[in-house]
Amino acid sequence: MEIDLNDLNAFLAVANAKGFRDGARASGGSASGLSEAVRRLETQLGVRLFHRTTRSVVPTEAGQRLLERLRPALNEVHAALDVVDGFRSRPAGTLRINAPVSAARLVLPAIVPPFLAAYPEIRLEVIADDSFVDIVAAGCDAGIRYDERLEKDMIAVPIGPRVQRFATAASPDYLDRFGRPQHPRDLLSHVCLRGRFSSGAMPPWAFEREGKAVQIDPSGPLVVQVGAAADLAIDAAIAGTGIVYLFEDWLRPHLDSGRLEPVLEPWWQRFSGPFLYYSGRRLLPAPLRAFVDFVKSSADQR
């Protein structure tokens, strides 16, 4: 059975976008063209691949099985073509990177503009997502994560600052009204602005000083999604609502301006910076190879 690769790509585009119109928008084709390609594929395979309603397009069981096997296979095909494309004078193509919101905001701004200036034929797509995902299954070329969340069988390259700190801060007005904590446990009697991961987990606030580690679970009137809604917690802290706990780099502009005041700075916990990671089991696409080399070169220049 000879199947047109374009029809398989059309099926994948519709499945990823969960619709023909969105699939056409993402792939640069037309909804009618994708519909015809999927219909042709279903006819050749002799099975229905999607349940179609006016509101949704969902893979059938057969479609889901095909999708699970097709994603990594087509990724490998495109990577092989990218390797050949890499022999051109300038790397070209699309590079998809999955990253937590914190990395998209704090790490990539210093890297992306000069990278795109150096490689104008590369199109970079950044998917900011704080949930743990399989980058290969998600159709991404690489991801950015911290070392404790790296997937197995991945190659990791340091990216961004190698040491970061978690910081606590509040507005001077709040601290004038309620006092300045001297020990992490003092936070238990303060109003604290918490964060929760999309998984539902609410991480404790961790502190360390002279080898002594302390973790606490303070309470407060506001809980925001880690990463995605962190700016809301910062704005609430600036307004005097309570104490916020976040990456130091995220709070640094407000600390420098005086809108926020450091709290318990001698106790701020240090942690290692993030890594760019990608599968070691597949061919390296030309855009990803260019990005990895650029990240390594940037690190060497620091």
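These numbers were taken from a predicted model, which means no experiment stands behind them.

**Quick word on the overall build of the chain**
Link 1 in the chain: Within the chain, the regular secondary structure consists of 10 helices and 15 strands.
Link 2 in the chain: Principal axes of the C-alpha set define a box for the chain whose edges measure 75 × 50 × 30 Å.
Link 3 in the chain: Long-range contacts, defined as pairs at least 24 residues apart, comprise 73% of the intrachain contacts of the chain with a sequence gap of at least 6.
Link 4 in the chain: Total accessible area on the chain is roughly 15,700 Å²; 52% of this is exposed by carbon and sulfur atoms.
Link 5 in the chain: Charge-centre separation for the chain: the mean point of 36 positive side chains lies 3 Å from the mean point of 36 negative side chains.

**Structural notes on the confidence of the model for the chain**
Link 1 in the chain: When the pLDDT values of the chain are averaged, the result is 88; 93% of them are 70 or greater.
Link 2 in the chain: Mean pLDDT values over the elements of the chain span from 77, in helix 4 (residues 61-85), up to 98, in strand 13 (residues 261-263).

**Notes on the pairing of strand 15 (residues 275-279)**
Regular strands show a simple pattern: their side chains alternate between the two faces of the sheet.
Link 1 in the chain: Of all five residues in strand 15, five are buried, a share of seventy percent or more.
Link 2 in the chain: Here strand 15 shows two buried faces, one formed by F275, Y277 and S279 and the other by L276 and Y278.
Link 3 in the chain: Relative to strand 15, strand 5 (residues 142-145) runs antiparallel, the two being bridged by three bridges. Bridge assignment links I144 to a residue of strand 15, and that residue is L276.
Link 4 in the chain: Bridge count between strand 6 (residues 154-158) and strand 15: five bridges; the pairing is antiparallel. Directly across from P158, in strand 15, lies its bridge partner F275.

**A few points about the packing of aromatic side chains**
Link 1 in the chain: Under the criterion given, the structure shown has 14 aromatic pairs.
Link 2 in the chain: The structure contains a cluster of three or more aromatic residues connected by ring pairs, namely Y146, F166, W205, F207, Y245, F247 and F271.
Link 3 in the chain: The residue whose ring lies beneath R162 is F275, and the NZ or CZ to ring-centre distance is 4.9 Å.

**Thoughts on the packing of helix 1 (residues 5-17) against helix 2 (residues 20-27)**
Link 1 in the chain: Relative to each other, helix 1 and helix 2 sit at 115°, their axes nearing to 8 Å. If you check the angle between helix 1 and helix 2, you find them roughly perpendicular. The two elements helix 1 and helix 2 cross, and the hand of that crossing is right-handed. Between helix 1 and helix 2, the contacting residues are A13, V14 and A17 on the first element and F20, D22, G23 and S27 on the second.
Link 2 in the chain: Per-class residue counts for the contact of helix 1 with helix 2 are four nonpolar, two polar and one charged.

**Things to note about unusual backbone geometry**
Link 1 in the chain: Here the phi dihedral of K18 falls at roughly 60°; this positive angle occurs in a residue that is not glycine.
Link 2 in the chain: Even without being glycine, L264 reaches a positive phi, approximately 60°.
Link 3 in the chain: With respect to the secondary-structure elements, L264 resides in the loop between strand 13 and strand 14 (270-272).
Link 4 in the chain: Taking relative accessible area as the criterion, L264 reaches 7% and is therefore assigned buried.

**Observations regarding the nonpolar core**
Link 1 in the chain: Within the largest apolar cluster, 23 residues are counted, with the highest numbers of intra-cluster contacts made by L95, I144, I159, L276 and F291.
Link 2 in the chain: Among the elements that make up this core, the one with the highest residue count is helix 10 (residues 286-301) (six residues).
Link 3 in the chain: Excluding its chain neighbours within four sequence positions, the residues that come into contact with L276 are A142, G143, I144, I155, A156, V157, I159, F291, V292 and V295.
Link 4 in the chain: With 22 residues, the next largest nonpolar core counts I234, L246, L251 and L260 among its residues.

**A closer look at the side chain of S102**
Link 1 in the chain: For S102, the location among the structural elements is in helix 5 (residues 101-106).
Link 2 in the chain: Residue classification places S102 among the buried positions, given a relative accessible area of 8%.

**Structural notes on the sheet that holds strand 5**
Each strand in a sheet pairs with another by means of backbone hydrogen bonds, the pair being arranged parallel or else antiparallel.
Link 1 in the chain: Read across the open sheet, the five strands follow the order 4-3-5-15-6; overall the sheet is mixed. Two strands lie at the open edges of the sheet, namely strand 4 (122-128) and strand 6, each paired on one side alone. Sheet twist, expressed as the average angle between the axes of neighbouring strands with direction ignored, equals 25°.
Link 2 in the chain: Pairing of strand 3 (residues 93-99) with strand 5, which is carried by two bridges, proceeds in the parallel orientation.

**Section: helix 2**
Link 1 in the chain: Three or more residues of helix 2 are buried, namely F20, G23 and A24. Down the axis of helix 2, the sector holding all buried residues measures 100°, keeping them to one side. In helix 2, the exposed residues that point more than 90 degrees away from the buried face are R21, R25 and A26.
Link 2 in the chain: Those residues of helix 2 that are buried are in contact with helix 1, helix 3 (31-45), strand 1 (50-52) and strand 2 (57-59).
Link 3 in the chain: One or two steps after helix 2, the chain reaches G28, where phi turns positive at roughly 80°.

What counts as what
- Residues numbered from 1 in each chain as written.
- Predicted model: local features only at pLDDT ≥ 70, side-chain atom pairs only at ≥ 80, totals over all residues.
- Heavy atoms only, no water.
- Helix = DSSP H or I, 4+ residues; strand = E, 2+ residues; numbered from the N terminus.
- Contact = heavy atoms within 4.5 Å.
- Areas by Shrake-Rupley, 256 points an atom, 1.4 Å probe, with all protein chains shown as cover.
- Lys, Arg positive; Asp, Glu negative; His and termini not counted.
- Charge placed at Lys NZ, Arg CZ, Asp CG, Glu CD.
- pLDDT = per-residue confidence, 0-100.
- Buried < 20%, exposed > 50% of the residue type's maximum accessible area, 1.4 Å probe, protein only.
- Pairing = 2+ DSSP bridges.
- Phe/Tyr/Trp six-rings, centres within 6.5 Å; stacked < 30°, edge-to-face > 60°.
- Lys NZ or Arg CZ within 6 Å of the ring centre and 35° of its normal.
- Axes fitted to C-alpha atoms, helices over the stretch in contact; angles between N-to-C directions.
- Parallel < 35°, antiparallel > 145°, perpendicular 65-115°, else oblique.
- Left-handed = near helix turned anticlockwise from the far one by under 90°.
- Nonpolar A, V, L, I, M, F, W, Y, C, P; charged D, E, K, R; others polar.
- Core = buried A, V, L, I, M, F, W, Y, C linked by side-chain atoms within 4.5 Å.
- Arc of directions from axis to C-beta.

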